[in-house]
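Here is what each chain is made of, one letter per residue.
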Amino acid sequence: QVQLVESGGGLVQPGGSLRLSCAASGFTFSSAAMRWYRQAPGKERELVADITSAGGSANYADSVKGRFTISRDNAKNTVFLQMNSLKPEDTAVYYCYGRVTTPWIRAYWGQGTQVTVSS
């Protein structure tokens, strides 16, 4: 059974930091490209960051570039999102996403974790 379980969300003041984790099971994590998405109330889900299967390359949305860092530990089947200098506009539900392309394309979603940035 495939599972992506996010953790680490919560309430933080503007300028603060949070580290999200996503623990994967049920598929070959080291072969999966991983992403973090977020969805704020009344808005469409948006891609925040992605990382290749070996962790050698990452990309970020312009809105989080320089503040967020995606990383992964393939030995622990976990992907992380370090979020610094948080702003109220970062408030959203954050979702972990995994995509495997061999032997066929499969994609998986986590259940999401709430991040609220407020004073």
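The notes below deal with the structure included here. The shown structure was predicted, so the numbers you read here are calculated from the model rather than taken from an experiment.

What counts, and where the lines are drawn
Residues numbered from 1 in each chain as written. Predicted model: local features only at pLDDT ≥ 70, side-chain atom pairs only at ≥ 80, totals over all residues. Heavy atoms only, no water. Phe/Tyr/Trp six-rings, centres within 6.5 Å; stacked < 30°, edge-to-face > 60°. Helix = DSSP H or I, 4+ residues; strand = E, 2+ residues; numbered from the N terminus. Buried < 20%, exposed > 50% of the residue type's maximum accessible area, 1.4 Å probe, protein only. Disulfide = S-S within 2.5 Å.

Per the counting criterion, the structure on display carries six aromatic pairs. Ring centres 6.4 Å apart and planes at 85 degrees place the aromatic pair tyrosine 95 and tryptophan 109 in the edge-to-face group. Separated by 14 residues along the polypeptide, tyrosine 95 in strand β9 (residues 92-100) and tryptophan 109 in strand β10 (residues 106-109) bring together distant segments of the chain. Owing to a relative accessible area of 14%, tyrosine 95 belongs among the buried residues under this scheme. A connected cluster of aromatic rings, assembled from ring pairs, spans Tyr37, Tyr95, Tyr97 and Trp109.

Next up on the list: the state of the cysteines. Tallied over the full model, the rule gives one disulfide. Covalent S-S linkage joins cysteine 22 and cysteine 96, the inter-sulfur distance amounting to 2.1 Å. Taking the sign of the S-S torsion, -80 degrees for the link of cysteine 22 and cysteine 96, the bridge is left-handed. In this pair, cysteine 22 sits in strand β3 (residues 18-25) while cysteine 96 sits in strand β9, placing the two residues 74 residues apart along the sequence. Comparing cysteine 22 with cysteine 96, the two get one shared label, buried.

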